[in-house]
Amino acid sequence: MKKKFSVEQIVSVLKQSEVGVPVAELIRKVGISEQTFYRWKAKYMGLEVDQVRQLKQLRDENTRLKQLVAELTLDKTMLQDVLSEKVVKPSRRRPMVKYFEQSYRVSERHACCVLELARATYRYEGHQEQWIELRMRIREIAQTRVRYGYRMIRVLLNREGWKVGKDLVYRLYKEEGLGLRKRPVGRRRAVVHRQERFRPTGPNQVWAMDFVADQLCDGRRFRSLTIVDIYTRESLAIEVGQSLRGEDVVRVLNRLKEQRGVPKLLFCDNGSEFTGQMLDLWAYRNSVKIDFSRPGKPTDNAFVESFNGTFRSECLDTNWFQNLTEAKQIIEAWRREYNESRPHRALANRTPEEFTSQIAVNRDLAETKTSRFLTL
């Protein structure tokens, strides 16, 4: 998650810069960008930690008192509006709750609290009169459809106009002794083991996608769609927006299609943006297979999860975005730096033969160290 800094912590960081700590050393120690540091300085410079704490306490206390006064004034107005005479019975208070909700735009809980009426009493509806008829109808349906359980019977009752829930139907169904004899269930075994996932042998064969969430400095949330080439570990695109849907995913894929072509396989999780009809239709038209991760198994899409961790720690957590436009610019600049000059690119561009030779060298080195330890 994005690292949070309280106002006291920000003032403490600025105090360290005042006593002579270099800015470069300070931002590296705290884990923020230089742009974020100077924004803090412009907003909070000159404040003391005790002053900030006292100001925050006074502001919270004033807000709480204002809310309390407003609630008391509203409650008094509501009571003067309806209680022209003494009302004792709950049956006469129930219509007042509905009146408060429509006239004063308050919640059911607030209206019941003002009238000193329990919500359970307000919502209670007697069903005892129709239970006899309901029992008879359930028995009639069970006699004509002998293999129907209570769920199927409830569907037929709802079609006939009975507004009943599954709990009530199940209770009456069991009390009437209409339960079906359960057949013995044999132990289920997995017939087919999970097949090994496709391993790419070149670029643009397998892409992985996922979403990362973050927020601006004013608290507004936004999301980032990350797409990674599994073979080269290259970040193909990072689409930023406050509301990204399946149409946006297809739009980004079409843009990459014009630049690089289409992959053979897409790795993604079971989010609604990836399981919708838009992406499924795009994959069908472009002859692309979609491999969804198993529920609760983020390791099935480990490459993009690893990239998202790097993206969050090196870009999102170190910047304080003021608006969405600035966030797009900074994130796109970081993506280019990640692809072009980050140190890991030298490892990602190695050929399989280079990886194999390096593995052999590491194995020989490990055997040498083990033999020296045994001789000692």
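Residues numbered from 1 in each chain as written. Predicted model: local features only at pLDDT ≥ 70, side-chain atom pairs only at ≥ 80, totals over all residues. Heavy atoms only, no water.

Q: Any chance you could break down helix H15 (residues 324-340) for me, citing the residues and the numbers?
A: When the terminal C-alpha atoms of H15 are compared, their 24 Å separation across 17 residues agrees well with the 24 Å that a helix rising 1.5 Å per residue should span. Among all positions in H15, only Glu326, Ala327, Ile330, Ile331, Trp334, Arg335, Tyr338 and Asn339 are buried. Structurally, the start of H15 carries an N-cap: the backbone nitrogen of Thr325 is 3.3 Å from a side-chain oxygen of Asn323. (Helix = DSSP H or I, 4+ residues; strand = E, 2+ residues; numbered from the N terminus. Expected span 1.5 Å × (residues − 1). Buried < 20%, exposed > 50% of the residue type's maximum accessible area, 1.4 Å probe, protein only. Polar contact = N/O pair within 3.5 Å; in protein donor to acceptor, adjacent residues only side chain to side chain.)

Q: Help me get a handle on the sheet that holds strand S3 (residues 235-241), residues and values and all.
A: The strand order S3-S2-S1-S4-S5 describes an open sheet built from five strands, whose pairing is mixed. Each having just a single partner strand, S3 and strand S5 (289-292) make up the two edges of the open sheet. Here the strands of the sheet are splayed against their neighbours by 20 degrees on average, with no regard to which way each runs. Looking at chain direction, strand S2 (residues 221-229) and S3 are connected through six bridges and run antiparallel. (Pairing = 2+ DSSP bridges. Axes fitted to C-alpha atoms, helices over the stretch in contact; angles between N-to-C directions.)

Q: So, the packing of helix H2 (residues 23-30) against helix H3 (residues 34-44): which residues are in play, and what are the values?
A: Here H2 crosses H3 at 100 degrees, and the two axes come no closer than 10 Å. When the axes of H2 and H3 are compared, the pair comes out roughly perpendicular. Listed contacts from H3 to Val23, Leu26 and Ile27 of H2 are Glu34, Phe37 and Tyr38. (Parallel < 35°, antiparallel > 145°, perpendicular 65-115°, else oblique. Contact = heavy atoms within 4.5 Å.)

Q: Please set out the packing of aromatic side chains residue by residue, giving values where relevant.
A: Per the stated rule, a full pass over the model turns up ten aromatic pairs. Consider the rings of Phe222 and Phe321, whose centres lie 6.0 Å apart with planes at 75 degrees: the pair is edge-to-face. Here Phe321 lies in the loop between helix H14 (302-316) and H15 and Phe222 lies in strand S2, a separation of 99 residues in the sequence. You'll find Phe222 and Phe321 in the same group, each marked buried. With a centroid separation of 5.0 Å and 80 degrees between ring planes, the pair formed by Phe307 and Tyr338 is classed as edge-to-face. Residue Phe307 is found in helix H14, and its partner Tyr338 is found in helix H15; the two are separated by 31 residues along the sequence. For the residue pair Phe307 and Tyr338, the accessibility class agrees, reading buried in each case. Among the aromatic residues, those joined into a cluster by ring pairs are Phe307, Phe311, Trp334 and Tyr338. Between Arg223 and the ring centre of Phe211, over which it is positioned, the NZ or CZ distance is 4.1 Å. (Phe/Tyr/Trp six-rings, centres within 6.5 Å; stacked < 30°, edge-to-face > 60°. Lys NZ or Arg CZ within 6 Å of the ring centre and 35° of its normal.)

Q: If you had to explain the packing of helix H9 (residues 150-160) against helix H10 (residues 166-175) to someone new, which residues and values would you point to?
A: For the pair H9 and H10, interaxial distance at closest approach is 10 Å and the crossing angle is 120 degrees. Between H9 and H10, the angle falls in the class oblique. For the crossing formed where H9 meets H10, the hand is right-handed. Only Lys166, Val169, Tyr170 and Tyr173 of H10 make contact with H9, whose side of the interface consists of Tyr150, Ile153, Arg154 and Leu157. Looking at the contact of H9 with H10 residue by residue, the class counts come to six nonpolar, no polar and two charged. (Left-handed = near helix turned anticlockwise from the far one by under 90°. Nonpolar A, V, L, I, M, F, W, Y, C, P; charged D, E, K, R; others polar.)

Q: Lay out the side chain of Asn308 in plain terms, naming residues and giving numbers.
A: Position of Asn308 relative to the elements: it lies in helix H14. With relative accessibility at 7%, the residue Asn308 sits in the buried group.

Q: Run through the nonpolar core, naming residues and quoting values.
A: Note on soluble globular proteins: their nonpolar side chains tend to be buried together. By size, the foremost hydrophobic cluster in this structure holds 22 residues, and its most contacted members are Phe222, Ile238, Phe307, Phe311, Phe321, Ile331 and Trp334. Every element with two or more residues in this core is listed here: strand S1 (206-215), S2, S3, strand S4 (265-268), H14 and H15. The contacts of Phe307, once residues within four sequence positions are left out, are Thr226, Val228, Ser235, Ile238, Trp334 and Tyr338. The next biggest cluster of nonpolar side chains, apart from the first, holds 20 residues, and it includes Trp207, Phe211, Leu236 and Leu266. (Core = buried A, V, L, I, M, F, W, Y, C linked by side-chain atoms within 4.5 Å.)

Q: Just give me the short version of the environment of Trp40, but keep the residues and values in it.
A: For Trp40, the location among the structural elements is in helix H3. Expressed as a C-alpha distance, the spacing of Trp40 and Trp320, which sit 280 residues apart in the sequence, is 9.5 Å.

Q: Before we move on, can you summarise unusual backbone geometry with the specific residues and values?
A: Even without being glycine, Asn204 reaches a positive phi, approximately 60 degrees. Secondary-structure assignment places Asn204 in the loop between H10 and S1. Backbone geometry places Arg233, a non-glycine residue, at a positive phi of 60 degrees. Positionally, Arg233 belongs in the loop between S2 and S3.

Q: For the pairing of S3, give the residues involved together with the corresponding values.
A: Across the seven residues that make up S3, a large majority, seven, are buried. In this antiparallel pair of consecutive strands, S2 and S3, the connection spans five residues, and Arg233 shows a positive phi of 60 degrees.

Q: An account of helix H11 (residues 246-260) is requested, with residue identities and associated values reported.
A: The end-to-end C-alpha separation of H11 is 21 Å, in line with the 21 Å expected for 15 residues at 1.5 Å each. Listing the buried residues of H11 in full gives Gly246, Asp248, Val249, Val250, Val252, Leu253 and Leu256. Against S1, S2, S3, S4, helix H12 (272-275) and helix H13 (277-285) lie the buried residues of H11. Just downstream of H11 lies Gly261, where phi reads positive at about 95 degrees.

Q: Before we move on, can you summarise the pattern of salt bridges with the specific residues and values?
A: Counted under the stated rule, the structure contains 20 salt bridges. For the salt bridge of Arg255 with Glu239, the shortest nitrogen-to-oxygen distance reads 3.7 Å. Here the residue Arg255 occupies a position in helix H11, and Glu239 occupies one in strand S3, the gap between them amounting to 16 residues. Salt bridges here are not isolated pairs; linked through shared partners, they connect Arg135, Arg139, Arg171, Glu175 and Glu176. (Salt bridge = Lys/Arg side-chain N within 4 Å of Asp/Glu carboxyl O.)

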